[in-house]
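One letter stands for each residue in the lines below.
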Amino acid sequence: MNILAINSGSSSIKFELFDMHTSAPLASGLSESIGEPTSQQSYRLYKSDGSYDELSETIALKNHEDGVRRIAQWLVESKAIKDSSELVGIGHRVVHGGAEFSQPTRINTDVMAAIRQLIPLAPLHNPANLRGIEVTLAEWPDIPQVAVFDTAFHHTIPAYAHHYALPANLAREQKIRRYGFHGTSHQFVSTALARLLDKPPNEINSIVLHLGNGASVTAVRGGQSIDTSMGMTPLEGLMMGTRCGDIDPGVILHLLQSTDLSASEVDSTLNKKSGLKGICGANDMREVLRRVNEGDQQALLAVEMYAYRIKKYIGAYSAVLPHVDAIVFTAGIGEHSPEIRARACADLEHLGIHLDSQRNVHVSSDSCAIHADNSRIKIFVIPTNEELEIAKQTLHCLREADSTTTGRSS
Ligand code: AMP
C-alpha cells in the first residue's frame, strides 16, 4: 500500500514514496532547476534495512510536466514500483489553505479553484503547488490525490490569538489573520512526542520549535495548536535564515516613506536579505557558527539574537499554556545544533527548564531526551518528517472518504 508525497516548488519538485504498512520510505528524490537548460535530479532507492542507493542525473526538464513525467518513469525504471497501480494515493503539500481548509482534502476541480483563489495569500507558493497538482493529475488521472495544507494544523487557534488588532472589516475583506505554517511538521512532531511519552496526544501540552531555514514555534495544547509564531505570511515570528521575523510594522512604513525602496524591494529586503543573513552576511547556521568560533562579532550578535527570540517565545507560550510537559526541537537547526539549543534554554531554570549539557551534545539521529533528570519540563530533539506526515494524512483522508461512501451506501 504505497503513497507518494509531492512537494512542488517554483523550480523544483521533491517526492517521497512510502510503504504505508510500515511507514518506511521506498524511494525519494528532488528535481531542481526546472525550466533551465540543465536540471539536476537526485534519487534515493531504499533497501529493506533502511540503507539506500543514491543516484543522480542531469537532463533538461522544460517545465513541471516534464518533471513529474520523469519521476513517474524513474519510479518504474528503478523498480520502486511495478506500475502506477501500486499507488493508492498521492498527497500534495499546499502551503496556504486559508480559512477554508482545516483538513487534508481530496482534490477535485472545486478544491483546485479554491487553492487558486488563495494565491494572493501565498503568491510564491500556492501557484507552484497548484502546478504540481495539475501535472500530477495529468500523469496519474486514476489515482486519488489529496491536498495537505501547511496551515491546517493551526485552525484550532482561538479567535483572540489569530486576530490582529486591525479594523475588523478591513481584516475580514482582506483575509488578514494569523494562519500559521509548518503545520505538517508541528503535527508530526507533537504526535511523535505523545508516542515517546506513551500518552494520548490530547493529554500533552508542548512547545514545538521548528528551526530550519524557515523557523516557527507552536504552543500545542492537548495535541492542538493554540498559537504559533508565523502569521498571515511566513515572515512573522522567530528570526530566520533570511527573514526578519517579528518587527515593528512602523519600520515597514518608514522604509516605504523615507527611502527609495519600492514595495517589492521592501518585500525582498524583509524576506531575503534579513534574518541571520542581514545581521552577519550568512544564512546557513553552520557557517554562522563557524564564524562565531573565529571571533566574528556580527555572527555572534546574529546567534545571540536568534536564541533570544526563541527564548522569548518559550516564555510567552509557557504563559499561554496551562502547563508545559515538553519542549521539542526539530528541523535542520533544531535537530543538529547543540549550541543553539543550549543558548535557547539557558537561564530558564526558573521556568522548570534544565538542559543536560552532555545529553544535548550526544544526540543520535532518532528522537532523544536532552533534559536533566531534575527538569520539570522535558526537552526533546525529534526529527521531523513532513513527507511522511503528508503521506499519513493522505491515507487518512482517503480512508475517511471510503468509510463515508461505505456508510452512505449501507
Ligand atoms: P532545514 O530547512 O530544516 O533543512 O534546515 C536548514 C538549516 O539547518 C540551515 O540553516 C542549516 O545551516 C541548518 N543546519 C543543518 N545542519 C546543521 C548543523 N549541524 N549545525 C547547525 N545548523 C545546521
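Rules used throughout
- Residues numbered from 1 in each chain as written.
- Predicted model: local features only at pLDDT ≥ 70, side-chain atom pairs only at ≥ 80, totals over all residues.
- Heavy atoms only, no water.
- Core = buried A, V, L, I, M, F, W, Y, C linked by side-chain atoms within 4.5 Å.
- Buried < 20%, exposed > 50% of the residue type's maximum accessible area, 1.4 Å probe, protein only.
- Helix = DSSP H or I, 4+ residues; strand = E, 2+ residues; numbered from the N terminus.
- Contact = heavy atoms within 4.5 Å.
- Phe/Tyr/Trp six-rings, centres within 6.5 Å; stacked < 30°, edge-to-face > 60°.
- Salt bridge = Lys/Arg side-chain N within 4 Å of Asp/Glu carboxyl O.

Counting 42 residues, the largest nonpolar core has Leu211 and Tyr306 as the members making the most contacts within it. Broken down by element, this core gets its largest block of residues, eight residues, from helix 11 (residues 297–320). Once residues lying within four places of it in the same chain are set aside, the contact partners of Tyr306 are Leu211, Gly212, Ala215, Met239, Met240, Leu276, Met285, Ile333 and Ile340.

By the secondary structure assignment, Thr184 is in helix 6 (residues 183–197). Non-local contacts of Thr184, meaning those with residues more than four positions away in its chain, are made with Val148, Asp150, Glu386, Glu389, Ile390 and Gln393.

Attention now goes to the packing of aromatic side chains. Following the criterion strictly, the structure yields six aromatic pairs and no others. Seen from their ring centres, Tyr46 and Tyr52 are 5.3 Å apart, and the 65° between their planes marks the pair as edge-to-face. In textbook terms, an aromatic cluster arises when at least three aromatic residues are bridged by ring pairs, as seen for Phe15, Tyr43 and Trp74.

What follows concerns the pattern of salt bridges. Counting across every chain of the model gives 22 salt bridges. Between Glu387 and Lys14 there is a salt bridge; the shortest N-O distance is 3.4 Å. Of the two residues, Glu387 is situated in helix 15 (residues 386–409) and Lys14 in strand 2 (residues 13–19); the sequence distance between them amounts to 373 residues. Residue Lys14 is classed as partly exposed on the basis of its relative accessible area, which comes to 38%. The closest approach of N and O atoms between Arg70 and Glu57, which form a salt bridge, is 2.7 Å. A residue pair is termed long-range when its members are at least 10 positions apart, and Arg70 in helix 1 (residues 64–77) and Glu57 in strand 5 (residues 52–59) qualify at 13 residues. Each member of the pair, Arg70 as well as Glu57, is classed as buried. Shared partners join several salt bridges into a network, and the residues in it are Lys62, Glu65, Asp66, Arg69 and Glu139.

Honestly, that's just the spatial picture; any functional story needs more than this.
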